[in-house]
Amino acid sequence: LAGIVAKEKGIPIVITCTLRSSDEQKALYMQGRESLEKVNSVRKRLGLYLLSEEENTRKVTWITSSYHTCSPKAMAFDFAIGESGKIFWDIKVDVNHDNIPDYKEFAEICKSLDPNIEWGGDWETSKDYPHIQWKHGKTIAQT
């Protein structure tokens, strides 16, 4: 439903990740923290694309366990703003020109649909703007 509302408001959403294995989560956590050789060795074993040296300088997750890994279904998803085959990672992008950053606007749409929705952009530390999770009152350990 959030995607439909976003589309009606002219916000082009691309879902970039939903469910991932615990091993994939750990591989993402390694990125930006371990050597390129070690990171790519794990990524190759998991069938993930290999990173460049530059890509391995950026941390992409802050935890080794995630709402993405809550089997049998993900309780989180990552998204991007995308239009005409181009992905906009700039958190201030405003594709629909309404003077509201689209990442924030989409998060507000999601949160308005369910009080259990949490946006990574609202976190005090380690903000994760392209991340939405459905907590349903549970911690990761309880899922």
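Residues numbered from 1 in each chain as written. Predicted model: local features only at pLDDT ≥ 70, side-chain atom pairs only at ≥ 80, totals over all residues. Heavy atoms only, no water.

Observations concerning the nonpolar core
Then comes step 1: Membership of the largest hydrophobic core comes to 17 residues, with the highest contact counts inside it found for Phe79, Ile81, Val93, Tyr103, Phe106, Cys110 and Ile132.
Then comes step 2: Residue assignment for this core shows that the elements contributing at least two residues are helix H1 (2–8), strand S2 (76–83), helix H4 (102–113) and strand S4 (117–119).
Then comes step 3: Examining the composition of this core, we find that 5 residues originate from one element, H4, more than from any other.
Then comes step 4: Beyond its immediate sequence surroundings of up to four residues, Val93 is in contact with Ile81, Phe88, Ile100, Pro101, Asp102 and Tyr103.
Then comes step 5: Judged by nonpolar contacts, the second largest core, of 5 residues, contains Ala27, Met30, Val39 and Leu51. (Core = buried A, V, L, I, M, F, W, Y, C linked by side-chain atoms within 4.5 Å. Buried < 20%, exposed > 50% of the residue type's maximum accessible area, 1.4 Å probe, protein only. Helix = DSSP H or I, 4+ residues; strand = E, 2+ residues; numbered from the N terminus. Contact = heavy atoms within 4.5 Å.)

Let's talk about a nonpolar patch on the surface
Then comes step 1: Residues Leu1, Ile4 and Leu113 make up a contiguous nonpolar surface patch of about 320 Å² in total accessible area.
Then comes step 2: Overall, the relative accessible area of 42% leaves Leu113 in the partly exposed class. (Patch = residues over 30% accessible without salt bridge, like charges linked within 9 Å, V, L, I, M, F, W, Y side chains within 5 Å. Areas by Shrake-Rupley, 256 points an atom, 1.4 Å probe, with all protein chains shown as cover. Salt bridge = Lys/Arg side-chain N within 4 Å of Asp/Glu carboxyl O.)

Points about the pattern of salt bridges
Then comes step 1: If you walk through the whole model with that rule in mind, you get 5 salt bridges.
Then comes step 2: When the shortest N-O distance is used, the salt bridge between Lys38 and Glu34 registers 3.6 Å.
Then comes step 3: A residue is classified by how much of its surface remains accessible, and Lys38, at 44% relative accessible area, is partly exposed.
Then comes step 4: Here Asp122 ties to Lys111 by a salt bridge, and the two come within 2.5 Å at their closest N and O atoms. With Asp122 in the loop between S4 and strand S5 (131–134) and Lys111 in helix H4, the pair connects residues that are 11 residues apart, well separated along the chain.
Then comes step 5: Here Asp122 falls in the partly exposed class, since its relative accessible area comes to 37%.
Then comes step 6: Among the charged side chains, a network of salt bridges with common partners joins Lys104, Glu108, Lys111 and Asp122.

Section: helix H3 (residues 36–46)
Then comes step 1: Among the residues of H3, those classed as buried are Val39, Asn40, Val42 and Arg43. One face of H3 carries all of its buried residues, which in axial projection span an arc of 160°. Turned more than 90 degrees from where H3 packs its buried face, Glu37, Lys44 and Arg45 sit exposed.
Then comes step 2: Packing partners of the buried residues in H3 comprise helix H2 (22–30).
Then comes step 3: The first or second residue beyond H3 is Gly47, which carries a positive phi of 80°. (Arc of directions from axis to C-beta.)

Digging into the packing of H2 against H3
Then comes step 1: Remark: H2 packs on H3, axes separated minimally by 9 Å, with the N-to-C direction vectors making an angle of 155°. Judged by the angle between their axes, H2 and H3 are roughly antiparallel. With respect to the hand of their crossing, H2 and H3 are arranged in left-handed fashion. Every residue of H3 that contacts H2 at Asp23, Glu24, Ala27, Leu28 and Met30 is listed here: Lys38, Val39, Val42, Arg43, Arg45 and Leu46.
Then comes step 2: Per-class residue counts for the contact of H2 with H3 are 6 nonpolar, no polar and 5 charged. (Axes fitted to C-alpha atoms, helices over the stretch in contact; angles between N-to-C directions. Parallel < 35°, antiparallel > 145°, perpendicular 65-115°, else oblique. Left-handed = near helix turned anticlockwise from the far one by under 90°. Nonpolar A, V, L, I, M, F, W, Y, C, P; charged D, E, K, R; others polar.)

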